[in-house]
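Here is what each chain is made of, one letter per residue.
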Amino acid sequence: MTKPVRVRFAPSPTGNLHIGGARTAIYNWAFAKKHGGTFVLRIEDTDPERSTEANTQQIQRSLRWLGLQWDEGPGVGGSFGPYQQTQRFDTYGKALEQLKATGAVYPCFCTADELAAKRDAGMAAQSFTGYDRSCRGIDAGEAQRRIDAGEPHTWRLKVPLDHGPVVFDDLVFGNTSFPIEQLDDFILMRSDGTPTYNYVVCIDDASMQITHVIRGDDHLSNTPKQILVYEALGAPIPQFAHLSMILGGDGKRLSKRHGATSVEAYQERGFFPQALLNYLALLGWSLDGETTLFDAATLAANFSLERVSKNPAVFDETKLNWVNSRYLKEMGAPAFIDALLPYLQQTGFTRAGKVLWGIKKDPSGEAPDAVHALSGEPATPDEVAVDVAAERSWYEGIYPLVAERVKTLDEVCPLIAYLFSGPTVALDQKSVEKCLQKEGIKAVLDHVIQTLQDPTLVWEHAPIEDVLRLVPEKLGLKPKVVFQAVRVAVCGNMVSPPLFESLELLGSENTLARLSAARQLLVPCSS
RNA sequence: GGCCCGUUCGUCUAGCGGUUUAGGACACCGCCCUCUCAAGGCGGAGAUCGAGGGUUCGAAUCCCUUACGGGCUACCA
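Residues numbered from 1 in each chain as written. Chains lettered and ligands numbered in written order. Predicted model: local features only at pLDDT ≥ 70, side-chain atom pairs only at ≥ 80, totals over all residues. Heavy atoms only, no water.

## Section: unusual backbone geometry
Here is step 1: Positive phi is not limited to glycine here, since R133 has a value of about 65°.
Here is step 2: Relative to the elements of secondary structure, R133 occurs in the loop between helix 4 (112-124) and helix 5 (140-148).
Here is step 3: Using a relative accessible area of 19% as the deciding quantity, one classes R133 as buried. (Helix = DSSP H or I, 4+ residues; strand = E, 2+ residues; numbered from the N terminus. Buried < 20%, exposed > 50% of the residue type's maximum accessible area, 1.4 Å probe, protein only.)

The following block contains the structure:
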């Protein structure tokens, strides 16, 4: 009979949930699901300087967004709470009393300055730099007198010198061993009465009955210390699985200077949670070495720590983009428009009634020219939402135009801006020169206008294409010449989503207005 | 400095002593398709498995040494 699996993700709310933390959470979640276990969320907020409630909330939002719902923890409760360390200080105090009673700890009266000096000396001697255990030999009675006298002191673990190497079988790294003499009598309780990380993590994992500790490998070297605490406590030692870290493109630890590192940033940039989850899962784990696309359920059903890599992985946004684009191509128009709504609202694009009208407000100034050229009063998010609801099928028509052309949602609006600028469109100068200002283009536009003015023409992309294909034939021109001219005249740029579908969405009125405008441009003196 | 960990195409990885002329994916290059851009199809280039020693009939796979990278060495987590 093996105990039911209980794992935890224990972020410290000193920032947003970042890529590395998310991957740790994903593996913990998947491991729990795979074994029918419990996934616990615990907030490690013992550092009051850097921990904030806002970060605590943000981390939870990002986890939920990724679909990693915890079974126990903040917001959902559980029978091992509270799940925030700042609310568990009495537990740490009680455990310390137990350790005092068994003589596993001792008070240390060394000051921070004294410790620093000792450390420097050890460093200079090029040897062991841990605590020299000078207070370990202080007589118990004297120690008590000094404590009673109010002398500041910390509580250190009395490392059993005759212990022999601390060994454990890491589920990722395998058998790992640390010489006992390398472990110093580290502090469990600070002089201000707050507990240290290596202490509380043991108390919490023990009292929450965590069976598998899956965490970053920056904790690999801390593990022997923690094992000593478990032993002093007489508590069962969980299984450990350490995860190698995620690096930036330069091989250095991933940090802000590599660009976006928070889950929230990727959410804002238009990545899908399933795609991020999928990509992150692949950073250090593989399903079978062949499969790259899978959903959360497949991950949960197949996850295994044995297949977790020991090597640090470089975070490659290009591949994330590709994974995201695959999800985008599969999702279908309804889901796409739902996901796109916030971006439309931010941009202020609306399709007010029969007249298309676009408004762009881009304070960052990073949007392409086509977007900048639009002007007018921005539509409010509510107006956009109302418009999208009212013109749902029109909006869904956008999906096939962009689904194979963008990788993330934030690329969509710049690409479709021309659909929202009504009877006029901003013309890209270079495109005009290349595709419009050429011999014979005026005649082309005349033919196109005439053709499209046919009142019997059904304004849908297939019939539009059928009649327009006749134009180059009649004029003895290459189709490309004709269609590129129309594209620039109507879409404003020589690069755009598919032409005939665009004309359909634009409607005959706007299409013809733009064609006429372009024709005027070519013949300034003509009325 | 000490201790611990890691090292397969540019990147993520498969590989757990012979089935490997080291497989897949992203990126890259070419061709096809084509109204642009994409997408898609087909094909290509790309790792002597960090290096050097062993063990073995046989090693990317086991052992040792070394180089490089990373972590811990805090009254941070």
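## Quick look at the layout of surface pockets
Here is step 1: The computed volume of the largest pocket comes to approximately 1,200 Å³.
Here is step 2: Lining the largest pocket are 41 residues; nearest its centre among them are S12, H18, G21, D218 and R253.
Here is step 3: For the lining of the largest pocket, the elements supplying multiple residues, two or more each, are strand 1 (6-9), helix 1 (19-34), helix 6 (197-207) and strand 8 (212-216).
Here is step 4: Counting residues per element, the lining of the largest pocket draws most heavily on helix 1, at five residues.
Here is step 5: Across the lining of the largest pocket, the residue classes break down as 14 nonpolar, 16 polar and eleven charged. (1 Å grid on protein atoms, 1.4 Å probe; cavity = no way out; pocket = protein on both sides within 12 Å on 5 of 7 lines; lining within 4 Å. Points joined across faces, edges and corners; volume = space filled by probe spheres on them. Nonpolar A, V, L, I, M, F, W, Y, C, P; charged D, E, K, R; others polar.)

## A word on the protein's contact with RNA strand B
Here is step 1: In the neighbourhood of RNA strand B, 68 residues make up the surrounding shell, with Q126, R190, E404, R487 and S496 lying closest.
Here is step 2: The contact atoms of RNA strand B, taken as those within 4 Å of the protein, divide so that sugar and phosphate hold 72%.
Here is step 3: Take C110: an N or O atom from its main chain is 3.1 Å from a base nitrogen of RNA strand B.
Here is step 4: With respect to RNA strand B, the side chain of N311 contributes an N or O atom lying 2.8 Å from a phosphate oxygen.
Here is step 5: For the surface near RNA strand B, the residue count by class is 23 nonpolar, 23 polar and 22 charged. (Near = heavy atom within 4 Å. Polar contact = N/O pair within 3.5 Å; in protein donor to acceptor, adjacent residues only side chain to side chain.)

## Comments concerning helix 7 (residues 223-233)
Helical periodicity: at 3.6 residues per turn, an α-helix aligns residues three or four positions apart in one direction.
Here is step 1: Across the eleven residues of helix 7, eight count as buried, placing the element largely inside the fold.
Here is step 2: Residues T223, P224, Q226, I227, L228, V229, Y230 and L233 constitute the buried set of helix 7.
Here is step 3: Just past helix 7, the residue G234 takes up positive phi, approximately 75°.

## Focus: the packing of aromatic side chains
Here is step 1: Inspection of the entire model under this criterion finds 16 aromatic pairs.
Here is step 2: On the numbers, 6.2 Å between centres and 5° between planes, the contact of F168 with F178 is stacked. Linking F168 in strand 5 (residues 166-170) with F178 in strand 6 (residues 174-178), this pair joins segments that are ten residues apart in sequence. Side by side, F168 and F178 carry an identical accessibility label, which is buried.
Here is step 3: Pairing Y279 with F315 gives two aromatic rings, centres 5.5 Å apart and planes at 75°, and the pair type is edge-to-face. Of this pair, Y279 sits in helix 9 (residues 273-282) while F315 is found in the loop between strand 11 (313-314) and helix 11 (317-331), placing the two residues 36 residues apart along the sequence.
Here is step 4: An aromatic cluster is defined as three or more aromatic residues linked by ring pairs; in this entry it consists of Y27, W285, F294 and F303.
Here is step 5: Looking at R146, its charged tip hangs above the ring of F109, at a distance of 4.2 Å from the centre.
Here is step 6: Here K225 stacks its cationic end above the ring of F186, 5.7 Å away from the centre of that ring. (Phe/Tyr/Trp six-rings, centres within 6.5 Å; stacked < 30°, edge-to-face > 60°. Lys NZ or Arg CZ within 6 Å of the ring centre and 35° of its normal.)

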